[in-house]
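Residues per chain, in single letters:
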Amino acid sequence: MRDCTVRAQTGLITPRPRLTLTDGVLRLERVNFVRDTGNLVSLRSTDVIIDGCTWSERTEAQFTDFDTDTMVIKNMDDTGISPFDPDFVDWNFNADTVIFENMIFAESQVTMPFNSFADYELYGCTFDNLATAGRTLIEPAGQRNVTAEDCTFSNMSPGTNDHIIRARNNTLRRCEFRGNTSGLGTVHPTRTLTVEDCLFIDNDAQYGGALHISNGPVSIAGTSFIRNEAVGPFSQFSGGAIRIDAPSGSLIYGGVSITDSLFKENRANSGASIAYDNSWEFAAGSRIVVERTRFHGNKASGAPIIEAPGLSAFPTDTFIDCEFVGNSGIVLARGESELFGCTFAENDGYVWERSSGADPLVNTVITHDGAVTTGIPFSYIACVVPPGLSAPGAFDVDPQFLRMPSDGGDGWGDNPATPDADESLNDDYGDLRLQPGSPAIDAGVDGHYTLGATDIAGVARVHGAAVDIGAYEREAAVCIADTNGDGRLSPNDFNAWILAFNNQSTACDQNGDGECLQNDFNAWILNFNAGC
């Protein structure tokens, strides 16, 4: 059916399905259903495609008795009405896969959430200001899976024990979760979780303001967690951005990987960025690895921004090329952990607290912080530490950052006690790259964590004689006048520039205007005389 209108039936005591299909494909395109009072479709063993249709004044279930392979619904704007309530589809809805494309669900009451026995795939959809009657919005029955790409979930408030999405295996790409309030985390995977290039901002929950993880493996890449909160009635392990736990006696399989991400201004009673509960343990061989990730201005009320109590079979936490600036509360706490190539600056509170072992800090800068250590001493290997801290493998020198961080004098982040002012506007998280001549350049020790790796900014390790200390590797200066690339300046570079000019190659451009012209020769002379 295409480009038509289906109007109300009259004179029927018991409505009957008007479209009955037992095989093949049903396609509805740009169909307008007006004052529909009867069941629309009864389907068995077929695929369904609903594209750009509209409903008005419906009063009874529109789809019933579904048993399909794939159902595709796309290009519909249901602002103010929800197609997935009892007025649209009854409980006898069953498909192997349900696909939503370019759908808008907004400003309505969802009394029957997305909970069919199906895998859900969401592409380019908007979910905004939906009332879910105290239930999880998307929770496939039978522990099925959810994939969401390029979707927005905003301004929703499921129940105190519920979420926006809860499924067995979850894949989220380029999605935004904004301003949601949930009981136990915006997204709660019960098995695997893959998050790529997503944004979680201004979400609030009792546990896990953004994510509540109960199993693995978990992979989070290129994702920002900003101003999420878990400051409810629970005092421990709340997790402003992420909470990781599982039922007592369960195992977390596969570990957790977080790369190229940002945790900024998240708040919690404990674990403002990441909290690990004390009721679970990791399967043997599992690890938590955090690489090239920034932690800026996160606040925990007198407790760590990353909280990891000593657990049985607890894995090694590994932080590689990470940056910690302006965090309050203990930055890292307890557990068995190791840091390679990280930088700490202007944090308020302890930098490190461990309960056992002699965990290493390697090629790490710790400077301008509160109290530095507590508990059992840990081993330093080629580290820069604040003045006065004397330990083997550590030296107290100024690392000479390009620009020191500053909170502007009013503390890091916004103060919720002053709603009329945003104290975060003058926060400057600095530029913690190293100045030329910094004692941290080429002062680190090479190892498995530097070979083939990059720093937090994506610069390849290693430049120079050895790896640099801290999260940033200083690149060797480019000598633009060395047009033959032999590593030194000589008259041979003049001949090389002539050849580059004749071939219109990139080495000809000496003034950086993107062109190869005669005036680049004058620029080459200036560059040559300036030396390298």
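Here, every reference points to the structure presented above.
Since we're looking at a predicted model, the values are computed, not measured.

Glancing now at the state of the cysteines. All told, the structure shown has 1 disulfide when counted by the stated rule. Here C151 stays unpaired: no disulfide links it, and the sulfur of C125, its closest cysteine neighbor, is 4.6 Å away. For C151, a relative accessible area of 1% puts it in the buried group. For the unlinked cysteine C198, the closest cysteine sulfur is that of C175, found at 4.9 Å.

Moving on, we get to the packing of aromatic side chains. Here the structure, examined in full by the defined rule, presents 17 aromatic pairs. Residues F263 and F295 carry aromatic rings whose centres are separated by 5.0 Å and whose planes lie at 5 degrees to one another, so their mutual orientation is stacked. Highlighted residues: F263 in strand β29 (residues 262-264) and F295 in strand β34 (residues 294-296), separated in sequence by 32 residues. F295 gets classed as buried once you look at its relative accessible area, which sits at 0%. With a centroid separation of 5.4 Å and an interplanar angle of 50 degrees, the aromatic rings of W497 and F521 are classed as tilted. Remark: F521 occurs in helix α2 (residues 519-530) and W497 occurs in helix α1 (residues 492-503); sequence separation between them is 24 residues. Assessed through its relative accessible area of 4%, W497 is described here as buried. An aromatic cluster of at least three residues, connected via ring pairs, comprises F127, F153, F177, F200, F225, F263, F295, F319, F324 and F344.

Turning next to the pattern of salt bridges. All chains considered together, the criterion is met by 16 salt bridges. Put simply, R166 and E139 hold a salt bridge, and the shortest N to O gap is 3.2 Å. A residue pair is termed long-range when its members are at least 10 positions apart, and R166 in strand β14 (residues 165-167) and E139 in the loop between β11 (126-131) and β12 (146-149) qualify at 27 residues.

As a further point, take the layout of surface pockets. The computed volume of the largest pocket comes to approximately 180 Å³. If you trace the largest pocket, you find it lined by D202, R227, E229, E265, N266, R267, G297, K299, W412, G413, D414 and P416. Of the residues in the lining of the largest pocket, the class split is 2 nonpolar, 3 polar and 7 charged.

Axis separation between α1 and α2 bottoms out at 11 Å; the angle between their running directions is 160 degrees. Of the possible angle classes, the one that applies to α1 and α2 is roughly antiparallel. Between α1 and α2 lies a crossing of right-handed hand. Across from D493, F494 and W497 in α1, the residues of α2 making contact are D520, F521 and W524. Taken together, the residues that form the contact of α1 with α2 break down as 4 nonpolar, no polar and 2 charged.

If you look at soluble globular proteins, the nonpolar side chains tend to sit buried side by side. If you look at the biggest cluster of nonpolar residues, it comprises 57 residues, and the most contacted ones within it are F127, F153, F200, L211 and I242. In terms of residue count, strand β9 (residues 94-109) provides more of this core than any other element does, 4 residues in total. Membership of the second largest hydrophobic core comes to 15 residues, among which are V325, A440, I469 and A471.

Rules of the game
Residues numbered from 1 in each chain as written. Predicted model: local features only at pLDDT ≥ 70, side-chain atom pairs only at ≥ 80, totals over all residues. Heavy atoms only, no water. Disulfide = S-S within 2.5 Å. Buried < 20%, exposed > 50% of the residue type's maximum accessible area, 1.4 Å probe, protein only. Phe/Tyr/Trp six-rings, centres within 6.5 Å; stacked < 30°, edge-to-face > 60°. Helix = DSSP H or I, 4+ residues; strand = E, 2+ residues; numbered from the N terminus. Salt bridge = Lys/Arg side-chain N within 4 Å of Asp/Glu carboxyl O. 1 Å grid on protein atoms, 1.4 Å probe; cavity = no way out; pocket = protein on both sides within 12 Å on 5 of 7 lines; lining within 4 Å. Points joined across faces, edges and corners; volume = space filled by probe spheres on them. Nonpolar A, V, L, I, M, F, W, Y, C, P; charged D, E, K, R; others polar. Axes fitted to C-alpha atoms, helices over the stretch in contact; angles between N-to-C directions. Parallel < 35°, antiparallel > 145°, perpendicular 65-115°, else oblique. Left-handed = near helix turned anticlockwise from the far one by under 90°. Contact = heavy atoms within 4.5 Å. Core = buried A, V, L, I, M, F, W, Y, C linked by side-chain atoms within 4.5 Å.

By themselves, these figures tell us nothing about what the structure is for.
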